Amino acid sequence: MIPELGHFALLAALAVAIIQGTFPFVGVWRRDARLMAVGVSAAQAQFVLILIAYACLTWAFVERDWSVAYVAANAHSQLPLMYRISAVWGAHEGSMLLWVLILAGWSAAVSLFSRSLPADVQAQVLAVLGALAVGFLLFILLTSNPFDRIFPVPEDGRDLNPLLQDPGLVIHPPLLYMGYVGFSVAFAFAIAALIGGRLDAAWARWTRPWTTLAWLFLTLGITLGSWWAYHELGWGGWWFWDPVENASFMPWLVGTALIHSLAVTEKRGLLKSWTVLLAILAFALSLLGTFLVRSGVLVSVHAFATDPARGVFILTFLAVVLGIAFALYAWRAPRFAADGELQWLSREGLLLLNNVFLVIAAAAVLIGTLYPLVIDAFGLGKISVGPPYFNAVFIPLTAPLVLFVGLASAVGWKRARWPEVWPRIRLALFIALGVGVCLPWLLHRHIQPAAVAGAFLALWTLIMACEEPWRRWRARGRRGIAQIPRAVWGMTVAHIGLGVWVLGLTFVTLYHIERDVRLGPGQSAEVGAYRFELQSVTPRPGPNYDADQALVVVTRDAEVIARLKPERRRYRAQGTVMTEAAVDHTPLRDLYVALAEPLEGGDWALRIYFKPMMRLVWLGGVLMAIGGLLAASDRRYRLARWAAHPAARIDGVPA
Amino acid sequence: MRIGLFVLGLIAAVYAAAQDASFTPEQAQRYQRLVGELRCLVCQNQSIADSNAPLAADLREQVRTQILAGHSDDQIRSYVTARYGDFVLYRPPFKPTTWLLWLGPFLLLALALTVAGIFVRRRTRAAPGGEPDREHLRRLLDEESR
């Protein structure tokens, strides 16, 4: 009964979404305020209905209702409650349900928090979001219904994929989807601007907080995914340029470009049509990511051909959405002529350069991800495109970008001159160079040119990120600091995050030590300055798995540093084996031990890694997200809500 | 004969479990780089360095013995591609079918920079004209309000 209720709620949500996707458009066309207002109530009703459907599916998981095919395929009687709740998004059908729930959530949020928008803009934005919801709800109902029953009812479920039984994976997909789907709001604003033909500083100011919020969720989602892979996959990797990772990284790169070009559009009224194009592209790449991950095309082009229903649906949907968006763009964008001059040596000039590099970096990831598929589809052979390719192409494309990030902080809007910029960057440049040369030597007694370059870029970014607060402090002391708007703090913190990230990335990539060793109880291995002794391996049963747990004592100069307990788990329902790595970490280094496999004679194969500055990679991601939060909560976005009289909207001068 | 060799390789792999003690530091570095660049063919997108699959262990052992036998990186790469095809290489070879893959991003960058350059040039020439200097006005207003 409950699952049928959920199914019915989804159907009702589809009906409401169709209303949301059409009535407000008609309202705008006929200038009928009542029809336009339908969007608001429809968005909220749709959200409630999908929430009901979602709650019904969760209920089926909590109650272990094996008569629901999706539940039976993704849970087990011994699966703990937390994982039964997160199992809702553990596979295809449920994760699509989570996707539409989040889409409806963003849509409802727009209906609640964008009251200050002109009625026609809000109506169009909500209608675009409603139309997108129609597509996804149809996709779920026609090809991936999570409420389908099976008969005969199985005795027990087949269990959740053990890879997903980890606290990191409980929150990783929701965060990632918040980001992916969040770009639909920027997309909807872009379409509304194209239809309405109005694209001014006010438009940019409405769009900015939504875009920044989506971006910060995506940042957190990617960071968490990397952290999870590191702990759960047992080979100490934190980024593998896997197509699924790339699918989330491409919208992130374009989203980052969008945040910066929105700044130019708001402050200077430039790059308008480019900003709109980026908003369309960011969402297009989110959709493409969904297609890649959900259609099976990544496993093999042929897997896609054998069960094409889902893949063809998403591909068609993608083609329709993007076809309409690009057609509108081609037709309407030329009218958004820029008004004002643009110099390379100005903040907007450098931001344009940053946009070029970010978008080309995203294009490189796209080429690398799709190339093997295209080559295979044309019968030109099977190739693999992996980390060596991406590192070779991506680093030359992004290193100049990091250089510009620091430079842009020292350069004002409109027009700058070298004689005024140079004194601002001189000291930072010398410090970054000096410390950049010393740091690899101090930490690892070994200087690699790449490490010096990376450390220089990181320090340069870190120092220049603090340039603006520092300038205000020098000019006006504590009052100057207190007057810094949150948007500037957001930029400062996010750029510090970038610097921290580059630093961690450089050192962990260049100075990590990996060793695969064979150890019996009582034996030890040396990795770097550390001695790892395997003391014992003992069985330890878990709720739905049986584990072997090792005790590895790490010493340095005869002093005990850590007692690590890596596990190797065998999940009972599917017999899958998982490694649970044990890590001892300080900000400057990780000591990582994973139990690989038992060998004969009571010995074990162990993977032991020394990873310098690993934590900084994730700390950088978290700082970027905090920066995004600060920027999105800037006072002027809240002011825009109260100053709702028309006169305030025409003027685009930022506070 | 072939199967026998394979089994021998397997046993050797299990025994060795990659004790890299016999490598010189330079060889150990080459080993790490090579096994990180070869794809485990029976896994879902993992390098043979990261995989616990028997086939990966076999291939790791092959790389190890060939390095110890004094073969160069290129010789080892062409040995594995002769056996498994280009699919095994995570660093795709540079040949006509992959020219676009390797050069595409840089061609796009050149194109994008040219377009941006032309755009900025046009904007620089377009004198600001009648547009009021908002930034300047704002600064003045800010100054006054303090």
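Because the structure is a prediction, the values reported are computed rather than measured.

Brief notes about the overall build of chain A
Moving on, step 1. If you tally the helices and strands in chain A, you get 21 helices and 10 strands.
Moving on, step 2. For 655 residues, the compact-globule estimate of 2.2 N^0.38 gives 26 Å, and the C-alpha radius of gyration of chain A, at 26 Å, lies within 12% of that figure.
Moving on, step 3. Along the first, second and third principal axes, the C-alpha set of chain A runs to 80 × 75 × 55 Å.
Moving on, step 4. A buried classification covers 53% of the 655 residues belonging to chain A.
Moving on, step 5. At a minimum sequence separation of 6, the contacts of chain A that also span at least 24 residues come to 74%.

Some words on the sheet that holds strand 9 (residues 589–598) of chain A
All names here are of chain A.
Moving on, step 1. The strand order across the open sheet built from 4 strands is 1-10-9-8, with neighbouring strands paired in antiparallel fashion. Bordering the open sheet on either side are strand 1 (513–519) and strand 8 (582–586), each of which pairs with just one other strand. Recorded for the sheet is a direction-independent mean angle of 15 degrees between the axes of neighbouring strands.

Observations regarding the interface of chain B and chain A
Moving on, step 1. The interface of chain B with chain A comprises 37 residues on the first partner and 42 residues on the second.
Moving on, step 2. Of all the secondary structure elements, the ones that give two or more residues to the side of chain B that touches chain A are helix 2 (25–37), helix 5 (99–125) and helix 6 (134–145) of chain B.
Moving on, step 3. Residue contributions to the side of chain B that touches chain A peak at 11 residues, all from helix 5 of chain B.
Moving on, step 4. Residues that form the side of chain B that touches chain A fall into these classes: 18 nonpolar, 9 polar and 10 charged.

Here's the deal with the UniProt feature "transmembrane region" (unreviewed entry) in chain B
Moving on, step 1. Under the UniProt annotation, "transmembrane region" (unreviewed entry) lies at residues 99–120 of chain B.
Moving on, step 2. The annotated region residues 99–120 of chain B carries 100% helix and 0% strand content, and the separation between its end C-alpha atoms amounts to 31 Å.

Some details on the pairing of strand 9 of chain A
Residue and element names in this part refer to chain A.
Moving on, step 1. Counted residue by residue, strand 9 has 8 buried out of 10 residues, so it is predominantly covered.
Moving on, step 2. Taken together, strand 8 and the strand that follows it, strand 9, pair antiparallel across an intervening segment of 2 residues.
Moving on, step 3. As judged from the 9 bridges shared by strand 9 and strand 10 (residues 604–612), these two strands associate in the antiparallel manner. Its bridge partner lying in strand 10, Glu-597 is registered against Ala-605.
Moving on, step 4. Linking two consecutive strands that pair antiparallel, namely strand 9 and strand 10, is a turn of 5 residues; a positive phi of about 80 degrees is found at Gly-601 within it.

Description of the nonpolar core
All names here are of chain A.
Moving on, step 1. One finds Val-100, Ala-186, Val-254 and Ala-279 to be the most contacted residues of the largest nonpolar core, which totals 210 residues.
Moving on, step 2. In this view, Val-254 contacts Leu-278, Leu-281, Ala-282, Leu-285, Val-359 and Ala-362; residues no more than four positions away in its chain are not counted.
Moving on, step 3. With 23 residues, the next largest nonpolar core counts Val-552, Ala-582, Leu-591 and Ala-594 among its residues.

Structural notes on helix 17 (residues 467–482) of chain A
Moving on, step 1. With 16 residues, helix 17 of chain A extends just 15 Å between its outermost C-alpha atoms, more than 12% less than the 22 Å of an ideal straight helix rising 1.5 Å per residue.
Moving on, step 2. At Arg-476 of chain A, helix 17 of chain A is bent by approximately 135 degrees, the largest bend along its length.

A short note on the domain arrangement of chain A
Interfaces are often sized by the accessible area lost when the parts come together.
Residues and elements named next belong to chain A.
Moving on, step 1. The domain boundaries assigned to chain A delineate domain 1 (1–160), domain 2 (168–408), domain 3 (409–511 + 616–622) and domain 4 (523–615).
Moving on, step 2. Taking only C-alpha atoms, the centre of domain 3 and the centre of domain 4 are 37 Å apart.
Moving on, step 3. Opposite the 10 residues of domain 3 that make contact, domain 4 presents 6 residues.
Moving on, step 4. Sorting the residues of the side of domain 3 that touches domain 4 by element identifies helix 18 (486–511) and helix 19 (614–632) as the ones contributing at least two each.
Moving on, step 5. Tallied by class, residues from the side of domain 3 that touches domain 4 come to 9 nonpolar, 1 polar and no charged.

What counts and what doesn't
- Residues numbered from 1 in each chain as written.
- Chains lettered and ligands numbered in written order.
- Predicted model: local features only at pLDDT ≥ 70, side-chain atom pairs only at ≥ 80, totals over all residues.
- Helix = DSSP H or I, 4+ residues; strand = E, 2+ residues; numbered from the N terminus.
- Rg over C-alpha atoms; globule rule 2.2 N^0.38 Å.
- Buried ≥ 20, exposed ≤ 12 C-beta atoms within 10 Å, placed from the backbone.
- Contact = placed C-beta atoms within 7 Å.
- Pairing = 2+ DSSP bridges.
- Axes fitted to C-alpha atoms, helices over the stretch in contact; angles between N-to-C directions.
- Nonpolar A, V, L, I, M, F, W, Y, C, P; charged D, E, K, R; others polar.
- UniProt positions renumbered as here; feature names shortened; annotations may be inferred.
- Core = buried A, V, L, I, M, F, W, Y, C linked by C-beta atoms within 7 Å.
- Expected span 1.5 Å × (residues − 1).
- Bend = angle between axes of the 7 residues up to and from the residue.
- Domains from an automatic or database assignment.

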